[in-house]
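Residue-level structural notes
Here's the letter readout for the chains.
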Amino acid sequence: MDLIPRFQDLVAQVPEFVQPLIVALAGAVPFIEGEGAAVIGVIGGVHPVAAVLAGIAGNFLCVLVLVTLSSRTRSAIVSHRRSRAEARDATRVGAGPGAHDESADENADVDAPESGRKTARWVKFQRALDRYGVPGVSLLGPLLLPTQFTATMLTASGVAARRVLFWQGLAIIGWTTLLGVVVGGVVHTVA
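Residues numbered from 1 in each chain as written. Predicted model: local features only at pLDDT ≥ 70, side-chain atom pairs only at ≥ 80, totals over all residues. Heavy atoms only, no water.

1. Observations concerning the overall build of the protein
- Secondary structure summary: the protein contains 9 helices and 0 strands in total.
- Along the protein, helices (α) and strands (β) appear in the sequence α-α-α-α-α-α-α-α-α when read from the amino end.
- The burial tally for the protein puts 32% of its 191 residues in the buried class.
- A fraction of 70% describes how many contacts in the protein between residues 6 or more apart in sequence connect residues 24 or more apart.
- Counting every atom, the protein has about 11,400 Å² of accessible surface; 64% of that belongs to carbon and sulfur. (Helix = DSSP H or I, 4+ residues; strand = E, 2+ residues; numbered from the N terminus. Buried < 20%, exposed > 50% of the residue type's maximum accessible area, 1.4 Å probe, protein only. Contact = heavy atoms within 4.5 Å. Areas by Shrake-Rupley, 256 points an atom, 1.4 Å probe, with all protein chains shown as cover.)

2. As for unusual backbone geometry
- Its identity as a non-glycine residue notwithstanding, F31 has a phi of 75°, on the positive side.
- Note on placement: F31 falls in the loop between α2 (19-27) and α3 (33-43).
- On the basis of relative accessible area, F31 is assigned to the exposed category, the value being 53%.
- Non-glycine residue E33 carries a positive phi angle of around 55°.
- Along the polypeptide, E33 turns up in helix α3.

3. A closer look at the side chain of T155
- Structurally, T155 can be placed in helix α8 (residues 147-156).
- A relative accessible area of 1% means that T155 is categorised as buried.
- Leave out the neighbours within four places in its chain, and T155 touches V67, S70, S71, R74 and V164.

4. A short note on the nonpolar core
- In terms of nonpolar packing, the biggest core is built from 17 residues, with F7, V11, V23, A26, I32 and I40 touching the most fellow members.
- Where this core is concerned, the elements lending two or more residues are α1 (3-13), α2, α3 and α4 (48-95).
- Those residues within four positions of A26 in sequence are excluded, and the remaining contacts are F7, I32, E33, A37 and I40.
- With 15 residues, the next largest nonpolar core counts I56, V137, L154 and L165 among its residues. (Core = buried A, V, L, I, M, F, W, Y, C linked by side-chain atoms within 4.5 Å.)

5. Some remarks on the packing of aromatic side chains
- In the structure shown here, the tally under the stated rule is 3 aromatic pairs.
- For the pair F31 and F149, a centre-to-centre distance of 5.7 Å together with 85° between the ring planes defines the contact as edge-to-face. Linking F31 in the loop between α2 and α3 with F149 in helix α8, this pair joins segments that are 118 residues apart in sequence.
- Seen in terms of ring centroids, F166 and W167 are 5.1 Å apart; in terms of plane orientation they differ by 85°. Their pairing is edge-to-face. (Phe/Tyr/Trp six-rings, centres within 6.5 Å; stacked < 30°, edge-to-face > 60°.)

This is the structure:
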């Protein structure tokens with residue numbers, strides 16, 4: 001993670017009023033996120049409150065964009081599949097009894113919900129979602145995956161974008177505040 005030292009150097013090199021913008025930019029980067037950005041800012045000399053707020057803003061804005069894009073993409077895919085299935089059904093009905101649609105056989109695996117193309121990670125994610133729900137996956141997710149990945153996967157699995165944004169927002173605020181307070185307290189105690 002060569003990015004962390006680069007962000008720390010950048011925070012130290014820019015004027016004080018630009019530093020929170022650099023912290024927000026760091027917050028948008030997966031694996032750095034809001035909590036890492038807050039730490040970078042506090043260590044770089046940004047006031048802990050400003051560092052935490054900038055880290056939260058950068059992380060949440062990135063998640064907002066990703067959730068919006070993945071929600072729209074999922075809606076388009078579901079709509080396209082639904083219209084294809086309706087057209088295929090209409091073709092079968094119009095062809096009369098005993099008609100066989102070869103294109104339906106060719107594309108059968110595309111629409112099958114259990115197509116065997118699920119990865120082990122997706123299955124693991126689905127189990128966690130079933131076990132802990134959206135709140136649990138959102139609040140505990142940052143321990144394993146960046147919020148950007150978790151939010152996108154939640155949306156791709158069909159969870160409403162508003163619900164994902166609410167719980168991801170709480171997770172971002174909580175984890176970023178926690179780390180910002182801890183690091184801010186340590187830095188001010190040492191100084």
